[in-house]
Amino acid sequence: MDTESVQAAEQHFSFAPIEKYFLVDIGGTTGFWLLFLTIAVFAVITYKLGFAKQLPVLKSLIVYILLVIGCFLLMLFAILSLPIVEVLIIISLVLGIYRFRLHRERKEQEASS
């Protein structure tokens, strides 16, 4: 890659450093699939922490398959230089803190009862 195209790619991904790392620094199909895997993992974590209900195994499998298929749309947004991975990381952290505090409060209520 010549320096002009590298500079254009760096400017394009200025607000999305993780996407830049995968798509520009690693590049090619390897970078694409690693970025997709990262998006899918954080989407599953976000779903599990914030929205998952107790479902039968087959329904749960269908939900996760559709979630991974939906990650291709998020991948398109990531390629268009939106900070999708960064947002999913922040959402996962916030929901993780919320679940931890909720667990701790329930534990304290059980102890005081």
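Throughout, a residue's number is its position along its own chain's written sequence, starting from 1. At least 70 in pLDDT is required for a residue's local features to be given in this predicted model, at least 80 for side-chain atom pairs to be given and counted, and no such filter applies to totals for whole chains, interfaces and linings, which use all residues. Hydrogens and waters are ignored; side-chain quantities use all the structure's heavy atoms.

## Overview of the pattern of salt bridges
Definition used for salt bridges: Asp or Glu carboxyl oxygen within 4 Å of a side-chain nitrogen of Lys or Arg. Taken as a whole, this structure holds 1 salt bridge when the rule is applied. One salt bridge connects D25 with K20, and the closest N-O pair in it is separated by 3.6 Å. Overall, the relative accessible area of 18% leaves K20 in the buried class. Per-residue accessibility, obtained with a 1.4 Å probe over protein chains only, is compared with the maximum for each type, and a residue is labelled buried under 20%, exposed over 50%, and partly exposed between these values.

## Focus: the nonpolar core
What makes a nonpolar core is a set of buried Ala, Val, Leu, Ile, Met, Phe, Trp, Tyr and Cys residues whose side-chain atoms join them at distances within 4.5 Å. Grouped together as the largest cluster of nonpolar side chains are 12 residues: F22, L35, F36, I39, A40, A43, C71, M75, A78, I84, V85 and L88. Secondary structure elements follow DSSP: runs of H or I of four or more residues count as helices, runs of E of two or more count as strands, with numbering from the N terminus. Among the elements of the structure, α3 (28–50), α4 (57–79) and α5 (84–112) are those that each provide at least two residues to this core. No other element matches the 5 residues that α3 contributes to this core.

## Focus on α3
Here a helix's expected span is defined as the number of its residues, less one, multiplied by 1.5 Å. The terminal C-alpha atoms of α3, which comprises 23 residues, lie 33 Å apart, in line with the 33 Å expected from a rise of 1.5 Å per residue. Residue contacts are defined here by distance: any two heavy atoms, one from each residue, within 4.5 Å place the two residues in contact. For α3, the elements touching its buried residues are α2 (17–26), α4 and α5.

## Overview of unusual backbone geometry
What is expected of a backbone is that most residues other than glycine have negative phi and most peptide bonds are trans. Positioned with a positive phi, S81 is a non-glycine residue whose angle comes to about 70 degrees. Note that S81 resides in the loop between α4 and α5. Assessed through its relative accessible area of 18%, S81 is described here as buried.

## Thoughts on the environment of I79
Mapped onto the fold, I79 is located in helix α4. I79 sits in the partly exposed class, given a relative accessible area of 34%. Spatially, the C-alpha atom of I79 lies 17 Å from that of A43, the residues being 36 residues apart in sequence.

## Some details on the packing of aromatic side chains
Aromatic rings from Phe, Tyr and Trp, taking only the six-membered ring of Trp, are treated as a pair when their centres fall within 6.5 Å; an angle between ring planes under 30 degrees marks them as stacked, one over 60 as edge-to-face, and anything in between as tilted. Counted by the stated rule, this structure contains 6 aromatic pairs. Note on W33 and F36: the rings are 5.7 Å apart at their centroids and 85 degrees apart in plane angle, and the pair reads as edge-to-face. One end of the pair, W33, and the other, F36, are both in helix α3, 3 residues apart, so they sit about a helical turn from each other. F36 gets classed as buried once you look at its relative accessible area, which sits at 8%. Consider the rings of Y47 and Y64, whose centres lie 5.5 Å apart with planes at 90 degrees: the pair is edge-to-face. Of the two residues, Y47 is situated in helix α3 and Y64 in helix α4; the sequence distance between them amounts to 17 residues. Of the residues examined, Y64 reaches a relative accessible area of 21% and is grouped as partly exposed.

## Describing a nonpolar patch on the surface
Residues with no salt bridge and a relative accessible area higher than 30% make up the patches, which join like charges within 9 Å and nonpolar side chains (Val, Leu, Ile, Met, Phe, Trp, Tyr) within 5 Å. To measure how exposed things are, a 1.4 Å probe is used in the Shrake-Rupley method; for residues, cover is taken only from the protein chains shown. Nonpolar side chains collect at one region of the surface, where Y21, I26, L34, L37, V41 and I45 lie side by side and expose about 480 Å² of accessible area between them. Listing elements by their share of the nonpolar patch, those giving two or more residues are α2 and α3. Looking at the nonpolar patch, the element that brings in the most residues is α3, giving 4 residues. In this fold, L37 is placed in helix α3.

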